[in-house]
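Summary of structural features
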Amino acid sequence: MVENHESDAPLRVYLHIPATGGVSLSAALKSAVPDLVEMRSQEQIEGFNLMSVENRSQITALAGHIPYGVHSFLGRECVYATMLRHPIDRLISTCTKQIVADGRELSDVTIRDFLLPDSRPVADNMLVRRLCSYEWPISDIHWSWRTSFGGVTHEMFEQAKLNLSRCAFVGIYEKYEESARQTFEVFDLPKHDVPRLNVSKYDRARLAPSAEDRQALEELNRFDTALYQLAVEMFPHSTTPRD
């Protein structure tokens, strides 16, 4: 279903990929755009879905763990931005936070524990999973887990490449300050400080993969590596001029 809207202003949409500094950037965007709608939890997703068509048409900015394509659902022009991070470094950060959230000790876990076939697919091409095409509206915060572990395909990779090319700006975590600055610029927002939030206080070096595990991770995440390299090549030339 495509909704009708009255606003002519493009909707600013920040696609927050986990462990890419999105908590900090989303908070800064919220400060600059107080009515920004966040979708980083199941409750927030359900709240968005329960909004009236009229209320959704008044949204000026949207940020969270959402897939590309909300413009097709809202029937409204959107300006997309996102940020990518080197897949192995992003994975180590994600796994560190997941281990702590599960109440485990880093010393009891290795990165290999996330490579098991029955694992949650946090170690399997999450950049591609987050940027390939999904049908809107989404109903589950774990929409990117619909494909089983090891099931990411070349077709999904090609979808992600296409969607990445459609973003007005694609930042690189390794160049965070410049990426944050250009995100605000492409969203037509004034310059704004972006304090770093949600930075892990734990020693991620404890999860550094062995040479054997790193090779396995790189092979598993070959699509993510290729997508990340594309983003690096696009940066900082990925901004699309606004009319």
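Everything here concerns the structure above.
Residues numbered from 1 in each chain as written. Predicted model: local features only at pLDDT ≥ 70, side-chain atom pairs only at ≥ 80, totals over all residues. Heavy atoms only, no water.

Topic: the packing of aromatic side chains
By the definition in use, this model includes 7 aromatic pairs. Ring geometry for F73 and W136: centres 6.4 Å apart, planes at 20°, overall stacked. Of this pair, F73 sits in helix α4 (residues 70–74) while W136 sits in the loop between α6 (126–131) and α7 (154–166); the two residues are 63 residues apart in sequence, bridging distant segments of the chain. Like W136, F73 is buried. Residues Y134 and W143 carry aromatic rings whose centres are separated by 4.8 Å and whose planes lie at 75° to one another, so their mutual orientation is edge-to-face. This pair shows no difference in class: Y134 is buried, exactly as W143 is. Feature note: the residues F48, F73 and W136 constitute an aromatic cluster, connected by ring pairs. One residue, R222, lies across the ring of F223, its end atom 5.0 Å from the ring centre. (Phe/Tyr/Trp six-rings, centres within 6.5 Å; stacked < 30°, edge-to-face > 60°. Helix = DSSP H or I, 4+ residues; strand = E, 2+ residues; numbered from the N terminus. Buried < 20%, exposed > 50% of the residue type's maximum accessible area, 1.4 Å probe, protein only. Lys NZ or Arg CZ within 6 Å of the ring centre and 35° of its normal.)

A look at the nonpolar core
Formed by 62 residues in total, the largest nonpolar core has its most connected members in V13, L25, F48, V70, L84 and L227. Ranked by the residues each element gives to this core, the list is headed by strand β4 (residues 78–84), at 6 residues. Among the nonpolar cores identified, the runner-up in size contains 12 residues, and I88, I99, F149 and L220 belong to it. (Core = buried A, V, L, I, M, F, W, Y, C linked by side-chain atoms within 4.5 Å.)

Points about the packing of helix α1 (residues 22–32) against helix α8 (residues 176–186)
Contact pair α1 / α8: the axes reach a minimum separation of 11 Å and the direction vectors enclose 35°. α1 and α8 meet at a crossing whose hand is right-handed. Only Y176, A180, T183 and F184 of α8 make contact with α1, whose side of the interface consists of S24, L25, A28, L29 and A32. Residue composition of the contact of α1 with α8, by class: 7 nonpolar, 2 polar and no charged. (Axes fitted to C-alpha atoms, helices over the stretch in contact; angles between N-to-C directions. Left-handed = near helix turned anticlockwise from the far one by under 90°. Contact = heavy atoms within 4.5 Å. Nonpolar A, V, L, I, M, F, W, Y, C, P; charged D, E, K, R; others polar.)

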